[in-house]
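Examination of the molecular architecture
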Amino acid sequence: MKNDREVLGVSADADQKEIKKAYFKLVRQFSPEKDPERFQEIRGAYERLQQAEVQEKEGNFPLTMEMPDEPFAHSMMKQIDRLERQGDFEGAAATAKEAVSRFGEYEAFLYELGRSQLYSGHSGSAAKNFEKLVKQYPGKNEYKRNLAIAYFDRGYGKKAFGAFEAAYAAGVRDSDFILQYSMCCRDREEEARGIEILMEMVSGYEPSSKENLQDYLEAYTGIFSLDHFAPSEDYGKFLASYGNFLETAWRTLKEYDDMILELTSFLVMSFHRPDCLPVLEEILTLTKKILPEKKFSEEWKYISEMLLGKRIQVDQRLDQEWNHCFEMYIESNHTDDQSIARFAKLEAKLLLLERWEELAPQFDMMQAEYAELYEWLKELRELSQQSNLSYLMDKLRREYASMARNIDGSLYYDMYPQYKEAGEALQWDSSENGSFVRMEKKVGRNDPCPCGSGKKYKKCCGR
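Description of the structure in this document. Since the model is a prediction, treat every value here as computed from it, not as a measurement.

**Considerations on the pattern of salt bridges**
In the structure shown here, the tally under the stated rule is 25 salt bridges. Glu293 is the salt-bridge partner of Lys288, the closest N and O atoms lying 3.7 Å from each other. Take Glu293: its relative accessible area is 45%, and that puts it in the partly exposed class. One network of salt bridges, with partners in common, ties together Asp319, Glu321, Arg355 and Glu358.

Right under this line is the structure:
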């Protein structure tokens, strides 16, 4: 059976920051509505590991609770407290339940029962007890807070959203509450509301403060994640806010380099507004102060490639074929198999040649603004200027058909299935090397090249 740290995927010596980061990363993947069992496991592990922090936070909600003035009642309360500090929430809940049975539904015992049930994964029972407490003590915000979380943990999405709203309206503002409230908004498809409360949270950042930086980074991660699900017209405003945060806090963020790296990668991956590109580039410049290129060379290479792809994707002046070419460029650069690299480049060339009349003029733009991709494909421009286009395409299709027999996946054949049929109809003289039987007279080395270049075959396509 996994222990709590194993459930969250953290090491035995992980500190509270690592635990918190792992928790919020996991619950973004496993929501209570989509995967309630996995969520309950993650939530319970986090609550038990964060008990010390939970107690500290609850100091912000001073509770004067009613309980019987009897020695045995006080003895049971001490036992509940001891069990909670030991992380034995099942034992604490059992003791609190016995106390309620013995002394009645006193506030103190109901509260400890609900809290222990919540932390031990019995969120349905916890919700019932916090419902009673909210009804009996409407002025105590901690009960409203825990009711919202209990509903959320249980997967009662509609009830949870209403309870979060009520607690937020009452003034509950601790960061864990707001972050979980935002995740409830995501599950309820209330992305705009989630972004609103997270933006209010980050607006409270003080440049002189070194506290709660992790929470602010989690909040910005939530903002851009929600915007990714439901793109907002205020996307530029969110980017600008994050840029201002980095500009004032970058000196104190270096211990959070892994979070910054993940958020930066996500920002580039989810980027969708061409008009906001200058702001994104400013953010990347600031980020390099935290993640210097010398130390994070591989990471920045990956981010640069993603940024190139996004720039091409959002550039409305370019046709869709350039996006496909970029994907093949990445595939070619990230494989050790030279045949895969060559196949990817062949596919890119063929896709461009199929619409050469429209796409050839865009090469000037590629050269000026997308130099990496242009350098990879510039030989195609040179070949097209020297060769008969139909002969060049026929030559490349034959080579492509030969390689496609041994390589899975072909976007070119998906888009132009008629050439797949033609390729399969070729007569092969070897099942090993894929060479084909020539169906027409062989061109002599000193004959004029069929491509129409005017050169001898041996000096042109026969090289």
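From this point, things continue past the structure.
**Some thoughts on the environment of Pro36**
In this fold, Pro36 is placed in helix α3 (residues 36-49). Exposure remark for Pro36: the relative accessible area of 37% places this residue in the partly exposed category. The sequence separation of Pro36 and Asp153 amounts to 117 residues, and the corresponding C-alpha distance is 7.9 Å.

**With respect to unusual backbone geometry**
In the Ramachandran plot, Glu189 falls in the positive-phi region, its phi being about 60° despite a non-glycine side chain. Take Glu189: it is sitting in the loop between α11 (175-187) and α12 (191-202). With relative accessibility at 65%, the residue Glu189 sits in the exposed group.

**Quick notes on the packing of aromatic side chains**
In this structure the tally under the stated criterion is 34 aromatic pairs. Each ring, one from Phe164 and one from Phe177, has its centre 5.3 Å from the other, and the planes form 50°; the classification is tilted. On the criterion of sequence distance, the pair formed by Phe164 in helix α10 (residues 157-169) and Phe177 in helix α11 is long-range, its members being 13 residues apart. Residue classification places Phe164 among the buried positions, given a relative accessible area of 0%. Phe177 sits in the buried class, given a relative accessible area of 0%. Note on Phe224 and Tyr235: the rings are 6.3 Å apart at their centroids and 80° apart in plane angle, and the pair reads as edge-to-face. Note that Phe224 is positioned in helix α13 (residues 213-229) and Tyr235 in helix α14 (residues 235-249), a separation of eleven residues in sequence. Grouping aromatic residues by their ring pairs yields a cluster made of Tyr205, Tyr216, Tyr220, Phe224, Tyr235, Tyr242, Phe245 and Phe271. Here the guanidinium or amino end of Arg173 rests over the ring plane of Tyr168, the centre of that ring lying 3.5 Å away. Lying over the aromatic face of Tyr419, Arg397 brings its terminal NZ or CZ to 3.9 Å of the ring centre.

Cut-offs used in this document
- Residues numbered from 1 in each chain as written.
- Predicted model: local features only at pLDDT ≥ 70, side-chain atom pairs only at ≥ 80, totals over all residues.
- Heavy atoms only, no water.
- Salt bridge = Lys/Arg side-chain N within 4 Å of Asp/Glu carboxyl O.
- Buried < 20%, exposed > 50% of the residue type's maximum accessible area, 1.4 Å probe, protein only.
- Helix = DSSP H or I, 4+ residues; strand = E, 2+ residues; numbered from the N terminus.
- Phe/Tyr/Trp six-rings, centres within 6.5 Å; stacked < 30°, edge-to-face > 60°.
- Lys NZ or Arg CZ within 6 Å of the ring centre and 35° of its normal.

That's the geometry; what it means functionally is another story.
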